[in-house]
Each structure stands twice: as C-alpha cells, then as structure tokens.
Amino acid sequence: MVFTHHYCAKCASEQIRRNGHSGGRAKYQCKACGHQGYFQPASVEKARQYSQVDQLLVERNSLWSIVRTRGMVRNTIAKRVKKVLRPAPASV
Ligand SMILES: [Zn+2]
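What comes next concerns the included structure. (Residues numbered from 1 in each chain as written. Predicted model: local features only at pLDDT ≥ 70, side-chain atom pairs only at ≥ 80, totals over all residues. Heavy atoms only, no water.)

The next subject is the pairing of strand E1 (residues 16-22). Here E1 pairs with strand E2 (residues 25-30) via five bridges, running antiparallel. Across the sheet, residue Ser-22 finds its bridge partner in E2, namely Arg-25. Hairpin connection from E1 to E2: two residues lie between these consecutive antiparallel strands, with Gly-23 at a positive phi of about 65 degrees. (Pairing = 2+ DSSP bridges. Helix = DSSP H or I, 4+ residues; strand = E, 2+ residues; numbered from the N terminus.)

What follows is about unusual backbone geometry. If a residue is not glycine, its phi is most likely negative; likewise, a peptide bond is most likely trans. Unlike most non-glycine residues, Ala-12 shows phi in positive territory, near 60 degrees. Along the chain, the position of Ala-12 falls in the segment before E1. Residue classification places Ala-12 among the exposed positions, given a relative accessible area of 52%. In this model, Arg-60 sits at a positive phi of 65 degrees, which is unusual for a non-glycine residue. With respect to the element layout, Arg-60 can be found in the loop between helix H1 (42-58) and helix H2 (63-70). (Buried < 20%, exposed > 50% of the residue type's maximum accessible area, 1.4 Å probe, protein only.)

Okay, structure coming up:
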C-alpha cells in the first residue's frame, strides 16, 4: 500500500485537511496556520520522479536497480532510457 504525505506549502505542517475542490483539483486548509491552497498536482510529482530516474540513468545505474529502489514499472524506465541515453546524431 502506498501512502502519500501532504504538507502545508506555507508552514510545512502535516495538520492539513481537505477543504473542497475547485477546477477539478482538491483544495486543502492547514489547521496550524490557516493557509488554504491546492494539493500539488500529480504532473509535478511525476516530473520530479522522472528527473531522479534520468539522473540515475546518467550515473549508469542498472535498470533493475532503479526499478527496485524507485518502485517504478520497468517499461516506464526503459522508455526513459531511450530518451535520456539516446546517442548523439552523427555529424556529416
Ligand atoms: Zn500551514
């Protein structure tokens, strides 16, 4: 089972609760400081995860070690291999 932790963007407190939604995105309210905001969208988290995987690929970690440590699907990382480690185009 995967748990995600959300923190207040203003005070980094974990004491937040859902506070409705707007534009298809869930909003939260911090009980500690009263700050209201949106949960971080999934695409930002995914971009951060991809950049970590790209860095691991550049450091020449094996595909299976990245699968094991990051908990990602092998095919997703195989696609990143093609993008990140693409050979430079041959100059004529
Ligand atoms: Zn707060």
